[in-house]
Amino acid sequence: MGLIPNFKNIATRSPWIYRINAGSCNGCDVEMATTALIPRYDIERLGCQYCGSPKHADIVLISGPLTVRVKDAVLRMYEEIPDPKVTVAVGVCPISGGIFRESYAVLAPIDQYIPIDVNVPGCPPRPQAIIAGVAKAIAIWRERL
Amino acid sequence: MNFLTIFARNLKQGPQTEAFPLGPAFTPDRLRGRIEFKAESCEGCRICERVCPANAIRFAKTPDGMTFDCWHNTCVFCGNCEFYCPTDAIHQTNDWDLSHVNADKFDMVEHGLIPNQTCVDCGATALNTAPMVKNAKPPLSTEEVAEVRARCPKCRAKYLKNRKVPA
Ligand code: SF4
Ligand code: SF4
Ligand code: SF4
């Protein structure tokens, strides 16, 4: 009985992050990698860690305007992430299409296909902005757990 | 020995990691961030709308005047609008923290209104835009600018033409 809330407390300290590139220009991906990997920004202080498989993820960062070509793959990958998950749209591309808006090749805004929880506008957003977005996502994720 | 020097330096300098989000973030003054619009100094030339590569800026005619909207969720922070704006009515702040929950998505907009006015000369309804008098010689005084501003475009041209230039 007492064990279950304990597990919950431990688990809420360390959400794992997964990154989906939905046709981004790579700008946002570089910033996300910077956020996670270099000691200057060090997102692991928030307990977050990047993981390589969607099946291990708690928070998913999506970049890119969802091009027609990657749509099926992105949706399939999104389905594989276990609930409860929190989705963060990184960059203006997934939020509105940004610079690619109204192109025949993109399906943005991405929240038509995937429920988005937090938006981080910017092209690309600076690492601090991504950290702020992830912090918001962690707050939402703790409520959902 | 090299290891010891590095160790001593690290002890002295502390970690390289930025304090954010546990403390304030380092923000350069000229960081390209959120767009800000000052309706009072806008000339209504709509150059910013035309040069915006992401179509983030929209002007629209309404019964009250001309509205300005800049959608932060479409803007790519390129700075084109500020560069081409003749009056600095539009400018980029260094505010970068725009993250928001998806419910607030459509509130992320900079809104402004250039109101309609009645021309003091002919009584026509025209926009109360800032006058384009940058190149007037000699430069207009503050009162003259206010007088020009109170007129419609046609009467503005007349006013400037008939303006007595002190010898
Ligand atoms: S928001 Fe800008 S930097 Fe990010 S993927 Fe889109 S175009 Fe590239
Ligand atoms: S903000 Fe500047 S560029 Fe845009 S319409 Fe006004 S004066 Fe012209
Ligand atoms: S900064 Fe660039 S994208 Fe943003 S409103 Fe100005 S011109 Fe448009």
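Under an unreviewed UniProt entry, the name given to chain A is NADH-quinone oxidoreductase subunit NuoB, and the organism recorded is Pleomorphomonas diazotrophica. Quoted straight from UniProt, the Cofactor (unreviewed entry) entry for chain A says "[4Fe-4S] cluster".

Enquirer: Give me the lowdown on the nonpolar core, citing residues and values where you can.
Expert: A:Ile43, A:Ile59, A:Leu61, A:Val88 and A:Val134 are the most contacted members of the largest nonpolar core, which totals 27 residues. Secondary-structure elements contributing two or more residues to this core are α2 (27-37), β3 (59-63), β4 (86-90), β5 (118-120) and α5 (127-144) of chain A. Per-element tally for this core: the top contributor is α5(A), with nine residues. If near-sequence neighbours (up to four positions away) are discounted, A:Val134 is found in contact with A:Ile17, A:Ile43, A:Cys48 and A:Leu61. Membership of the second largest hydrophobic core comes to 24 residues, among which are B:Cys52, B:Ala54, B:Ile90 and B:Leu98.

Enquirer: Got a sec to walk through the site of ligand 3? Specific residues and values, please.
Expert: Lining the immediate surroundings of ligand 3 are B:Ile35, B:Cys52, B:Pro53, B:Ile57, B:Cys70, B:Cys75, B:Val76, B:Phe77, B:Cys78, B:Gly79, B:Asn80 and B:Cys81. Residue classes in the shell around ligand 3 are distributed as 10 nonpolar, two polar and no charged.

Enquirer: Pulling in residues and values, what's your account of the site of ligand 1?
Expert: Contacts to ligand 1 come from A:Ser24, A:Cys25, A:Gly27, A:Cys28, A:Gly91, A:Val92, A:Cys93, A:Phe100, A:Gly122, A:Cys123 and A:Pro124. Counted by class, the shell around ligand 1 contains seven nonpolar, four polar and no charged residues.

Enquirer: Describe in detail the sheet that holds strand β6 (residues 109-118) of chain B, supporting the description with residues and values.
Expert: Pairing between the strands of a sheet comes from backbone hydrogen bonds, and it takes one of two forms, parallel or antiparallel. Residue and element names in this part refer to chain B. Strand order in the open sheet made by the four strands is β2-β3-β6-β7, with antiparallel pairing throughout. Two strands bound the open sheet, and with one partner strand each, they are β2 (57-62) and β7 (125-127). Across this sheet, the average inter-strand angle for adjacent strands is 20°, counted without regard to direction. Two elements, β6 and β7, share three bridges in a ladder whose sense is antiparallel. Of the residues in β7, the one forming a bridge with Thr 118 is Thr 125.

Enquirer: How would you explain the interface of chain A and chain B if you had to name every residue and give the values?
Expert: The interface of chain A with chain B comprises 31 residues on the first partner and 31 residues on the second. The contact between chain A and chain B buries some 2400 Å² in all, and 53% of this surface belongs to carbon and sulfur atoms. Summed over the shared surface of chain A and chain B, the number is two salt bridges. Across the salt bridge formed by A:Arg40 and B:Glu18, the nearest N and O atoms sit 3.2 Å from each other.

Enquirer: Go over the packing of aromatic side chains, please, and point to the residues and values.
Expert: All names here are of chain B. Summed over all chains, the structure comprises five aromatic pairs over all chains. Pairing Phe 20 with Trp 96 gives two aromatic rings, centres 5.4 Å apart and planes at 80°, and the pair type is edge-to-face. Residue Phe 20 is found in the loop between α1 (2-13) and β1 (35-37), and its partner Trp 96 is found in the loop between β4 (90-92) and β5 (100-101); the two are separated by 76 residues along the sequence. Its relative accessible area of 12% is what places Trp 96 among the buried residues. For the ring pair Phe 83 and Tyr 84, a centre distance of 5.1 Å and an interplane angle of 85° mean the geometry is edge-to-face.

Enquirer: Could you give an account of the pairing of strand β1 (residues 16-21) of chain A, with specific residues and numbers?
Expert: Residues and elements named next belong to chain A. Across two bridges, β1 lies against strand β2 (residues 49-50) in parallel orientation. Note on β2: the bridge partner recorded for Ile 17 is Tyr 50. Remark: the β1/α2/β2 crossover connection has right-handed handedness. In this sheet, β3 lies alongside β1 in parallel orientation, the contact comprising five bridges. In the strand pairing of β3, Ile 20 is matched with Ile 62.

Enquirer: Mind laying out the sheet that holds β5(B), listing which residues take part and the relevant values?
Expert: As summarised here, the arrangement of the six strands in space is β2(A)-β1(A)-β3(A)-β4(A)-β5(A)-β5(B), forming an open sheet in which the pairing is mixed. Bordering the open sheet on either side are β2 of chain A together with β5 of chain B, each of which pairs with just one other strand. Sheet analysis places β5(A) next to β5(B), joined by two bridges and oriented antiparallel. Bridging across to β5(B), A:Val118 finds its partner in B:Val101. Relative to the sheet, helix α3 (residues 71-80) of chain A contacts β1, β3 and β4 of chain A, its axis offset from that of β1(A) by approximately 165°.

Enquirer: Describe the pattern of salt bridges, and please don't skip the residues or the numbers.
Expert: Under the counting rule described, the total for this entry stands at 11 salt bridges over all chains. A:Asp111 is the partner of B:Lys105 in a salt bridge, and the nearest nitrogen-oxygen pair spans 2.9 Å. You can see B:Lys105 sitting in the loop between β5 and β6 and its partner A:Asp111 sitting in the loop between α4 (92-96) and β5, one on each of two chains. B:Lys105 gets classed as buried once you look at its relative accessible area, which sits at 8%. By relative accessible area, A:Asp111 is classed as partly exposed at 29%. Through salt bridges with shared partners, one network takes in B:Asp121, B:Glu147 and B:Arg151.

Rules behind the numbers
- Residues numbered from 1 in each chain as written.
- Chains lettered and ligands numbered in written order.
- Predicted model: local features only at pLDDT ≥ 70, side-chain atom pairs only at ≥ 80, totals over all residues.
- Heavy atoms only, no water.
- UniProt positions renumbered as here; feature names shortened; annotations may be inferred.
- Core = buried A, V, L, I, M, F, W, Y, C linked by side-chain atoms within 4.5 Å.
- Buried < 20%, exposed > 50% of the residue type's maximum accessible area, 1.4 Å probe, protein only.
- Helix = DSSP H or I, 4+ residues; strand = E, 2+ residues; numbered from the N terminus.
- Contact = heavy atoms within 4.5 Å.
- Near = heavy atom within 4 Å.
- Nonpolar A, V, L, I, M, F, W, Y, C, P; charged D, E, K, R; others polar.
- Pairing = 2+ DSSP bridges.
- Axes fitted to C-alpha atoms, helices over the stretch in contact; angles between N-to-C directions.
- Buried area = accessible area lost by both parts, 1.4 Å probe.
- Salt bridge = Lys/Arg side-chain N within 4 Å of Asp/Glu carboxyl O.
- Phe/Tyr/Trp six-rings, centres within 6.5 Å; stacked < 30°, edge-to-face > 60°.
- Right-handed = clockwise from strand over helix to strand, strands pointing away.

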